[in-house]
Amino acid sequence: MSAVVLAWRTEPLLRRCVEALLASVKVDVEVVLVDNGCTNPDLPYLSTLPGVVVAGTGENTGFSAGCNTGAAAATGEFLALVNGDAIVEPTALARLVEELDDPTVGIAAGAVRLADEPDLLNSRGNEIHVLGVSWVGGFRERDTRSGPTETAGAMGAFILTRRAHWERLGGFDPHYFAYVEDAEISIRTWRMGLRVVNVPDAVALHGYEFSKVSFKFYLIERNRLMFVTTVWGGRALLLLGGPLLALEGVMMLLALKEGWLRDKLRGYGWLWKHRAHIRARRRELQAERRVPDRDWMRVLTDRFDTPLINPPGVSVLNAAMSAYWRLVRRWL
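Definitions and limits used
- Residues numbered from 1 in each chain as written.
- Predicted model: local features only at pLDDT ≥ 70, side-chain atom pairs only at ≥ 80, totals over all residues.
- Heavy atoms only, no water.
- Helix = DSSP H or I, 4+ residues; strand = E, 2+ residues; numbered from the N terminus.
- Rg over C-alpha atoms; globule rule 2.2 N^0.38 Å.
- Contact = heavy atoms within 4.5 Å.
- Areas by Shrake-Rupley, 256 points an atom, 1.4 Å probe, with all protein chains shown as cover.
- Lys, Arg positive; Asp, Glu negative; His and termini not counted.
- Charge placed at Lys NZ, Arg CZ, Asp CG, Glu CD.
- Buried < 20%, exposed > 50% of the residue type's maximum accessible area, 1.4 Å probe, protein only.
- Pairing = 2+ DSSP bridges.
- 1 Å grid on protein atoms, 1.4 Å probe; cavity = no way out; pocket = protein on both sides within 12 Å on 5 of 7 lines; lining within 4 Å.
- Points joined across faces, edges and corners; volume = space filled by probe spheres on them.
- Nonpolar A, V, L, I, M, F, W, Y, C, P; charged D, E, K, R; others polar.
- Salt bridge = Lys/Arg side-chain N within 4 Å of Asp/Glu carboxyl O.
- Polar contact = N/O pair within 3.5 Å; in protein donor to acceptor, adjacent residues only side chain to side chain.
- Phe/Tyr/Trp six-rings, centres within 6.5 Å; stacked < 30°, edge-to-face > 60°.
- Lys NZ or Arg CZ within 6 Å of the ring centre and 35° of its normal.

**Q** For the overall build of the protein, give the residues involved together with the corresponding values.
**A** Looking only at helices and strands, the protein has 13 helices and 12 strands in total. Taken against the 2.2 N^0.38 rule, which gives 20 Å for 332 residues, the C-alpha radius of gyration of the protein at 19 Å falls within 12% of a compact globule. Dimensions of the protein, computed from C-alpha atoms along their principal axes, come out at roughly 55 × 40 × 40 Å. A separation of at least 24 residues holds for 77% of the contacts in the protein among residues at least 6 apart in sequence. Accessible area for the protein stands at about 14300 Å²; split by element, carbon and sulfur atoms hold 55% of it. With 39 positive and 38 negative side-chain charges, the protein shows a separation of 9 Å between the mean positions of the two kinds.

**Q** Please set out the pairing of strand β6 (residues 105-114) residue by residue, giving values where relevant.
**A** Within β6, nine of the 10 residues are buried, leaving the element largely enclosed by the surrounding structure. By the bridge criterion, nine bridges tie β6 to strand β12 (residues 195-206) in an arrangement that is parallel. When the bridges of β12 are listed, A111 appears paired with V203. Pairing between β6 and strand β11 (residues 158-162): three bridges, direction antiparallel. Bridging across to β11, A108 finds its partner in L160. As paired elements, β6 and strand β7 (residues 117-123) share three bridges and run antiparallel to each other. The residue of β7 that forms the bridge with V112 is S123. What sits between β6 and β7 in their antiparallel hairpin is a turn of two residues.

**Q** Outline the layout of surface pockets, listing residues and values.
**A** If you roll a probe as big as a water molecule over the atoms, it shows you where there is empty space left. Approximately 1500 Å³ is the volume found for the largest pocket. Together, 47 residues line the largest pocket, and W8, N83, A178, Y179 and K216 are the ones closest to its centre. Among the secondary structure elements, those contributing two or more residues to the lining of the largest pocket are β1 (2-9), α3 (62-73), β4 (78-82), β9 (134-136), α6 (181-191) and α7 (214-231). For the lining of the largest pocket, the residue count by class is 26 nonpolar, 13 polar and eight charged. Roughly 190 Å³ of volume is contained in the second largest pocket. Taken together, 13 residues line the second largest pocket, and the ones lying closest to its centre are R124, E127, W135, G138 and D305.

**Q** Run through the side chain of D35, naming residues and quoting values.
**A** Tracing the backbone through its elements, the reader meets D35 in strand β2 (residues 30-38). The side chain of D35 sits in the buried core without any salt bridge; R9 is the nearest counter-charge, 11 Å away. In this structure the side chain of D35 is engaged in a polar contact, spanning 3.2 Å, whose partner is the backbone nitrogen of G37. Among the polar contacts made by the side chain of D35, one reaches the main-chain amide nitrogen of C38 at a distance of 2.9 Å.

**Q** A description of the packing of aromatic side chains should follow, citing residues and the corresponding values.
**A** Here the structure, examined in full by the defined rule, presents eight aromatic pairs. Arranged with centres 4.6 Å apart and planes meeting at 5 degrees, the rings of F217 and W260 form a pair that is stacked. Taken together, the residues span a long stretch of sequence, with F217 in helix α7 and W260 in the loop between α9 (241-258) and α10 (261-273) at a distance of 43 residues. Judged on exposure class, the residue F217 and its partner W260 are both buried. Taken together, the aromatic side chains of F63, W166 and F172 make up a single cluster linked through ring pairs. Sitting above the plane of the W270 ring, R222 keeps its charged end 3.9 Å from the centroid.

**Q** Run through the environment of V196, naming residues and quoting values.
**A** Mapping V196 onto the fold places it in strand β12. Residues V196 and T161 lie 35 residues apart in sequence; the distance between their C-alpha atoms is 9.8 Å. Excluding residues within four positions of it along the chain, V196 makes contact with I107, T149, E150, T151, G153, A154, S186, T189 and W190.

**Q** Mind laying out the pattern of salt bridges, listing which residues take part and the relevant values?
**A** For the coordinates displayed, the defined rule picks out 26 salt bridges. Linking R140 and E117 is a salt bridge whose minimum nitrogen-to-oxygen distance equals 2.6 Å. Highlighted residues: R140 in the loop between β9 and β10 (149-150) and E117 in strand β7, separated in sequence by 23 residues. Judged by its relative accessible area of 41%, R140 falls in the partly exposed class.

The structure is reproduced here in structure tokens:
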């Protein structure tokens, strides 16, 4: 199997990440280390290790394109994506391979825990809202699960899929650059009739920090809109049109309050500039769907429930959205 690791900037955990992957048991691991603008002095040493292949040009092409570069250089039947700041436990990859023995599973994700507080979760799978917002599920909770659970989204920090499924998906859309691409391939997997699961005993420790920088919000918000407009069916978009417009108003207020309004507006400009790609992408993704919206949308949530994002009036928004969604979902 192959594990793709992006090496970006100084990444202090990179050496531990690669060495942990090579120390995996019950599976033979090829590590594809993508130089995506890496300045870590360990990169030349890591490139000499048996089982490590270096790809990339040294240019930061983003998470999406960087993973695609790594996947193209990989040779394994199974393909893992592992963040450069994630340290997998020795049995984690083999455990995910076991889950993929089930032909109904398209993506198996590990339980990602906080590196500095390993008893607490970073993510037990990502939540995805009916309006396209995605966030880490179970953040700072203790994992009490006894077995794998279905999840709307797989956190891209530690996932495994079959190479055949990755190629069916066509990898990530590089236009995302970073953020939301893991939500897109997860929902596309559900729409193809396969499941996405999170496995509590396949553990990776993640050096996670939710940085509130304006460029990050620019990418997240712009990508959310591209995600919804290309993946959601026409009837779903029609039924959710009012709430989607209302959410735009809420996010504009949040952006104004937190100082990234210019970035929010810049996202609209990017979407308009790339409207031809978005139209073509929508045609492509709508054609691949095998499961009706009314079925796959059951994995989505209608409530914002995360300490990481706190839009104004969230309790009112949740109550209104829950009532509205119960009313209209029968018409999907």
